[in-house]
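Structure at a glance
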Amino acid sequence: MPGLPDPPSEARRRFLLGTTAIGAGIAAVDALGAVAAPESNAGVPAGAYRVRFTLNGEPRDLALDPRTTLLDVLRENLHLTGTKKGCDRGQCGACTVIVNGRRVNSCLTLAVTLQGADVTSVEGLSTAGPHPVQVAFLQNDAFQCGYCTPGQVMSAVALLDEYKRGVPSHATRDVGSRAAMPLTDDEIRERMSGNICRCGAYVNIVKAVRDVAGRKGA
Ligand code: FES
Ligand code: FES
């Protein structure tokens, strides 16, 4: 209608909802866009916000500057340095963690958006011995310097779960048929493409993921 602005798109509506809620200090929007329950800020220093979430199975209750990223919370506040900072701008994947079952770049995730979320960092993979993906990386020499490896491992763990759930990728030929979605090397490379390795260990990373998936090499 002339004179009236277009209604906001769904993505913009969620963004506005999130910023309004955070500004008011009464609620937050989680990493998947769901509005979480209001949290009390009582007892929290001025300018900080209370954030409660689960990290590697344990509840966390933190008072944070709302500009703090999840990556900095992990490394600087909680001293969990397994998650690496490479680019700090969403380009390398070294900071990959899993939030509510989906992988995210923790350098691009504001911690205040994690109210009630379930977060797994690389430390949470090996509480009962090395995770099968970690074992496969070791057995296949899927790293050199190792700096990208925690992010690669977290991405591979999420990749295998996404694949089991039938989530297609850009390399999937027929998105309508689960049977026509074999985990080919192209699929693995595409699904791991958000994780950069400056040492170039890609060939063995693909082998490691293939091993865990139970597929024989081509
Ligand atoms: Fe997060 Fe590079 S440090 S993507
Ligand atoms: Fe060195 Fe990947 S093993 S950056």
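Think of each chain on its own: its residues are numbered from 1, step by step along the sequence as written. As they are written, the chains are lettered A onward and the ligands numbered 1 onward, keeping that order. pLDDT decides what is reported in this predicted model: residues at 70 or higher carry local features, side-chain atom pairs at 80 or more are listed and counted, and totals for whole chains, interfaces and linings draw on all residues regardless. As a convention, hydrogens and water are excluded, and side-chain values are obtained from all of the structure's heavy atoms.

Digging into helix 4 (residues 149-164)
To qualify as a helix, a DSSP run of H or I must reach at least 4 residues; to qualify as a strand, a run of E must reach at least 2; elements of each kind are numbered from the N terminus. Helices are assigned an expected span. That span is 1.5 Å times one less than the residue count. Taking 1.5 Å as the rise per residue, helix 4 with 16 residues should run 22 Å; its terminal C-alpha atoms sit 22 Å apart, in good agreement. The buried label applies to any residue whose accessible area, calculated with a 1.4 Å probe on protein chains only, is under 20% of its type's maximum; exposed applies above 50%, and partly exposed to all values in between. Counting buried residues in helix 4 gives 14 out of 16 residues, a clear majority hidden from the surface. At the C-terminal side of helix 4, Gly166 shows a positive phi close to 80°.

What to know about the environment of Cys95
Mapped onto the fold, Cys95 is located in the loop between helix 2 (70-77) and strand 3 (96-99). Residues Cys95 and Gly151 lie 56 residues apart in sequence; the distance between their C-alpha atoms is 5.6 Å.

Observations regarding the pattern of salt bridges
Any two side chains of opposite charge can pair, on the condition that their charged atoms come close. Counted as salt bridges are all cases of a side-chain nitrogen of Lys or Arg within 4 Å of a carboxyl oxygen of Asp or Glu. In total, this model carries 11 salt bridges according to the counting rule given. Close ionic contact of Glu162 with Arg103 constitutes a salt bridge, the shortest N to O distance being 2.9 Å. With a gap of 59 residues between them, Glu162 in helix 4 and Arg103 in strand 4 (residues 102-105) connect regions that are remote in the sequence. With relative accessibility at 22%, the residue Arg103 sits in the partly exposed group. Ionic pairing is found between Asp161 and Arg165, a salt bridge with its closest N-O pair at 3.1 Å. For Asp161, a relative accessible area of 33% corresponds to the partly exposed category.

A look at helix 2
Of the residues making up helix 2, those classed as buried are Leu70, Leu71, Val73 and Leu74. Pairs of residues are marked as contacts when any of their non-hydrogen atoms sit within 4.5 Å. Along its buried surface, helix 2 packs onto strand 1 (49-55), strand 2 (58-64), strand 3 and strand 5 (118-120). Positive phi appears at His79, one or two residues downstream of helix 2, with a value of about 60°.

Topic: the packing of helix 3 (residues 132-139) against helix 6 (residues 202-213)
Two numbers describe how helix 3 lies on helix 6: the axes approach to 8 Å, and their chain directions differ by 135°. Classified by the angle between their axes, helix 3 and helix 6 sit oblique to one another. In the packing of helix 3 onto helix 6, the handedness of the crossing is right-handed. Where helix 3 abuts helix 6, its residues Pro132, Val133, Ala136 and Phe137 lie against Ile205, Ala208 and Val212. Split by residue class, the contact of helix 3 with helix 6 holds 7 nonpolar, no polar and no charged. Fitted lines through C-alpha atoms serve as axes, helices being fitted only where they are in contact, and the angles separating the N-to-C directions of these axes extend from 0 to 180 degrees. Orientation is classified from the angle alone, with under 35 degrees giving roughly parallel, over 145 giving roughly antiparallel, 65 to 115 giving roughly perpendicular, and any other angle giving oblique. Crossing handedness is read from the near helix: turned anticlockwise from the far helix by less than a right angle, it gives a left-handed crossing, and turned clockwise, a right-handed one. Residue polarity follows a fixed list, in which Ala, Val, Leu, Ile, Met, Phe, Trp, Tyr, Cys and Pro are nonpolar, Asp, Glu, Lys and Arg are charged, and the others, Gly among them, are polar.

Remarks on the sheet that holds strand 5
Across the sheet, which stays open at both edges, the 5 strands sit in the order 2-1-5-3-4 with mixed pairing between neighbours. Every other strand in the sheet has two partners, leaving strand 2 and strand 4 as the edge strands with one partner each. Neighbour to neighbour, the strand axes of the sheet diverge by 40° on average, direction disregarded. Any two strands with at least two DSSP-identified bridges between them are counted as paired. Note: strand 1 against strand 5, 2 bridges, orientation parallel. Bridge pairing in strand 5 links Thr54 to Asp118. Here helix 4 sits on the sheet and contacts strand 3, strand 4 and strand 5; the angle it forms with strand 3, its principal contact strand, is near 40°.

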